[in-house]
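Structural overview for review
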Amino acid sequence: MKYILIFFCSFISLFSHSQERPIVFKGALIYPINGAPISNGVLVVNKGKIISVGASDSKIPADAEVKDITGKIIMPGLVDTHSHLGGPEGGDGSAALNPDARAMDAINPSSDGFKKALAGGITTINIMPGSGHLMSGQTVYVKMREAQTIEEMLVVNEKGVYGGMKMANGTNSIRNSAGFPGTRAKSAAMVRELFLQAVEYKNKINKAGKDSTKMPERNLKLEPLVEVLNGKRIVHFHTHKSNDIITAIRLSQEFKFRMVMHHLSEGWKVADEIAKAGIPCSVINIEVPGGKMEALNLSLGTGAALEKAGVKVAFHTDDGITDSRLFLRSTALAVREGMSREKALEAVTIAGAQMLDLSSKIGSLEKGKDADFIILSGDPFSVYTKVEQTWVEGQKRWDISNPADKAFLLGGYQVYSTDRAEFHHHKNEENEQ
Amino acid sequence: MQIKIILLAGILWLSSSVASAQVAIKASVIYTVSGTSFRNGVILIKNGKIENVGTASAVSIPNGYKVYQANVVTPGLIDARTVIGMSGVLNISVDQDQIEKSNPIQPDLRAIDAYNPDEPLVKIARECGITTIHTGHGIGALVSGQTMIAKTKPGTVERVTIQPLSMLAMTIGPSVSGNYSSPGTKAKQMAMIRTELLKAQFYLKKMSDKDSSKRPTFDLNMDMLSKMLKREIKALITANSSVDIMNAIRLSKEFNLSLVLDGAAEAYRLIDEIKVAKAEIILHATMARNEDDMVNMTRESAQILTAAGIPVSIESGYEGYVPKTRIVLYEAALAMANGLSFENALKSITINPAKLLGIDNRVGSIEIGKDADIVLYDGDPFEYTTKVCTVFIDGEVVSDKCK
């Protein structure tokens with residue numbers, strides 16, 4: 001694993017052509033997220049990293065290129081904890097549990113969907129396979145770097161991995177075909193059975209220690225689950241209804257795996273139970289409930305309810321369910337329904353970074369972190385505000401003043417091809433009891 | 001007995017007082033849409049109609065009027081084209097009545113036989129300030145059926161309907177071939193619908209025979225197509241790609257239809273053609289997904305068409321999954337964020353659809369004598385963080401959420 005890590009780190013440094021001269025952005029209202037907003041602030045970046053964030057009297061390097069952006073707002077690049085951009089595919093129909101399937105083997109790094117992310121101010125994405133399976137496979141954490149290969153986009157996190165494990169319960173993963181569960185109880189039983197195998201496999205590995213002759217045969221299905229059991233690989237668990245949320249918590253507690261719960265239509269009903277279990281939550285904000293049974297009681301008040309209960313909250317696009325270009329809008333809807341502005345901003349930055357084990361690198365504007373930030377024309381929660389620029393590791397990746405970039409914000413005129421995020425329709429909704 | 005009579009009298013008095021409630025709405029800003037906006041304005045409502053509107057200094061509030069306060073007020077919003085009430089929130093077969101897949105051409109299907117005023121999606125729309133909807137049969141059939149116009153009040157269809165028959169819903173595009181084994185191609189779609197319209201032309205001719213014995217037996221399908229051929233009802237044709245829009249225009253020209261182009265994702269490329277055809281436009285939701293035949297949509301469409309002198313009405317349209325419907329208030333907001341003026345954005349969900357639907361004598365603006373359909377907001381109606389507070393339909397409060 002260590003070698004893989006080094007391999008990818010060198011890949012990243014190879015391909016990130018960081019600017020030589022420092023760049024200084026001055027005059028903006030800065031939301032660093034880890035502290036109070038700084039009016040008339042100064043942000044200094046160099047070689048892909050943040051050099052300093054401070055007030056107007058901050059030290060400006062002598063050789064710096066200074067950009068006066070008075071009147072604008074700077075905040076960290078947005079972290080989308082759940083997206084289907086780039087074509088990760090839905091999950092293989094051969095089985096309900098596919099821990100060996102990697103989204104990275106499917107994603108097209110040239111997908112024009114990533115332009116939507118940039119236009120929406122998103123700089124880091126957890127790309128997930130779909131929710132039609134109990135376990136649809138390994139997710140990937142990517143940066144919106146200029147890239148020809150998926151490897152160039154990967155972000156290795158604090159635990160040495162660049163993705164999580166996608167799981168789901170509820171109705172999407174229930175279907176009437178061989179190898180798939182027909183009920184909720186069967187869904188949980190199948191998951192528990194697989195985790196028992198993984199525990200056994202893990203024990204064999206531990207017992208073998210450094211004795212390679214005693215090491216069990218490699219098993220592609222169980223290896224990533226050992227990472228899950230060891231706390232390296234986080235489970236990203238699609239769950240909507242309150243009973244399904246509690247089941248997900250029960251499973252995570254039985255096998256002691258680290259988990260982020262996703263969507264949580266009925267999270268508002270069991271906010272205290274979630275808080276007690278200490279599970280971080282990545283919530284989707286959609287203005288109209290329904291479209292499937294498990295989202296019937298979806299509420300834009302979930303973010304506020306979870307915040308009140310003391311749960312760590314992030315948001316996500318689930319692109320193509322909501323559009324990456326409107327990620328900030330979805331955040332504003334949660335504010336409308338009672339979430340604090342402060343926590344809502346954290347929900348698209350540092351909270352998301354923490355849920356991917358990436359908060360030492362991204363999610364706030366702090367010295368030494370990656371220079372991922374966005375420049376806004378005004379208040380982050382306003383319909384009148386535009387994302388004007390999106391910077392990834394010190395590189396300007398999107399600029400509204402460039403017509404070729406703006407075209408991806410607006411669409412039309414053949415700017416988008418037919419290559420776009422998979423949009424999954426789950427046709428098994430009528431199984432809902 | 002006496003107690004019962006008193007009780008009954010009390011109930012009657014209560015119910016009549018609700019029905020004929022006299023209401024005054026005071027607001028920092030009233031957008032009438034039809035005329036000037038009023039700062040520090042007052043609206044008076046009596047017997048379900050707008051009695052007066054003006055500045056607070058010009059319109060005094062008579063005694064006995066219940067007073068509501070708001071930051072901003074607009075007319076009740078109109079969704080130019082939706083399927084809510086036909087298509088339900090659960091998205092299971094028993095609540096999806098917007099499309100009947102037994103036959104791609106079914107003009108005889110009436111919306112009033114399926115519309116459910118108590119559908120939760122209708123309640124959600126109402127709570128978002130949408131007071132009138134043009135709903136009915138959906139997209140994805142050459143002729144999916146009839147549409148209707150209703151207020152978003154709960155109750156029976158008879159109680160809420162403004163027009164039981166509004167238009168015939170038609171689609172030219174790939175969604176038709178997705179729903180039926182035939183037609184499979186664009187050319188076949190056109191051939192099939194032309195064949196049916198030619199039949200209807202023949203039927204219409206025979207029906208006008210002076211000798212009643214020579215007239216054909218009454219046919220529900222032919223009768224409805226005849227109404228469209230006689231321009232008594234408009235042809236509501238969903239077409240998104242440039243090719244499909246031109247097919248719709250060609251068809252309308254051949255049969256002299258009164259054309260309403262629905263969806264119209266690539267209408268921005270065909271300004272001149274649309275003007276020559278005198279087609280009216282119901283534009284897709286700004287946040288509709290740019291996939292399939294809508295891959296080439298732009299968020300500037302509303303602005304481009306409006307600037308070209310083509311009035312735009314924005315629709316929620318149809319959604320097959322999550323979210324199950326769009327809300328035109330939010331869609332107009334996004335059109336505004338992409339270049340449409342505030343004024344025109346508001347028109348696109350009030351007076352423009354009212355005119356297109358032929359109901360502007362009753363709704364679509366705040367004018368004396370019109371239905372008292374009014375929406376109260378706690379801020380800029382298009383701002384993301386603004387709440388729709390109180391909604392009036394026909395002078396009655398149907399939603400009140402900012403208490």
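Residues numbered from 1 in each chain as written. Chains lettered and ligands numbered in written order. Predicted model: local features only at pLDDT ≥ 70, side-chain atom pairs only at ≥ 80, totals over all residues. Heavy atoms only, no water.

Quick word on the pattern of salt bridges
Stated precisely, the cut-off is as follows: Throughout this description, the term salt bridge denotes a Lys or Arg side-chain nitrogen within 4 Å of a carboxyl oxygen of Asp or Glu. The classification of residues rests on relative accessible area computed with a 1.4 Å probe and restricted to protein chains. Under 20% of the type maximum is buried, over 50% is exposed, and intermediate values are partly exposed.
For the structure on display, the rule yields 45 salt bridges over all chains. In this structure, E294(A) engages K292(A) in a salt bridge whose closest nitrogen and oxygen atoms are separated by 3.1 Å. When sorted by exposure, E294(A) lands in the same class as K292(A), which is buried. Salt bridges sharing partners connect three or more residues here, namely K49(B), K151(B), K153(B), R362(B), D371(B), D373(B) and D394(B).

Concerning the domain arrangement of chain A
Residues and elements named next belong to chain A. Where we set the bar: The split of the chain into domains comes from an automatic or database domain assignment. For this analysis, residues touch if any pair of their heavy atoms sits within 4.5 Å. The quantity reported as buried area is the accessible area (1.4 Å probe) lost by two parts once they are put together, taken as the sum for both.
What the domain assignment reports for chain A is domain 1 (2–76 + 380–401) and domain 2 (78–362). When each unit is reduced to the centre of its C-alpha atoms, the spacing between domain 1 and domain 2 is 28 Å. Taken together, the contact between domain 1 and domain 2 spans 18 residues of the former and 28 residues of the latter. Each partner contributes to the roughly 2300 Å² buried at the junction of domain 1 and domain 2, and carbon and sulfur atoms together form 71% of this total.

Examining the packing of aromatic side chains
Any two aromatic rings considered together are summarised by their centre-to-centre distance and by the angle between their planes. Short version of the rule: Stacked, tilted and edge-to-face are the three classes assigned to paired rings of Phe, Tyr and Trp, where Trp is represented by its six-membered ring and a pair needs centres within 6.5 Å; plane angles under 30 degrees give stacked, over 60 edge-to-face, the rest tilted. For the purposes of this entry, the term helix denotes a DSSP run of H or I that reaches at least four residues, the term strand denotes a run of E that reaches at least two, and both are numbered from the N terminus. Whether a charge lies above a ring is judged from NZ of Lys or CZ of Arg, which has to be within 6 Å of the ring centre and within 35 degrees of the ring normal.
For the structure shown, the criterion picks out ten aromatic pairs over all chains. Taken together, a centroid distance of 5.2 Å and an interplanar angle of 85° make the contact between F25(A) and W391(A) edge-to-face. Linking F25(A) in strand β1 (residues 23–30) with W391(A) in strand β16 (residues 387–392), this pair joins segments that are 366 residues apart in sequence. Between the aromatic rings of F195(A) and F257(A), the centroid separation amounts to 4.9 Å while the plane-to-plane angle is 15°, which identifies the pairing as stacked. Highlighted residues: F195(A) in helix α3 (residues 184–208) and F257(A) in the loop between α5 (242–255) and β12 (259–263), separated in sequence by 62 residues. Judged by relative accessible area, which is 0%, F195(A) ranks as buried. Assessed through its relative accessible area of 5%, F257(A) is described here as buried. Above the face of the Y330(B) ring, R329(A) is positioned so that its terminal group lies 5.4 Å from the ring centre.

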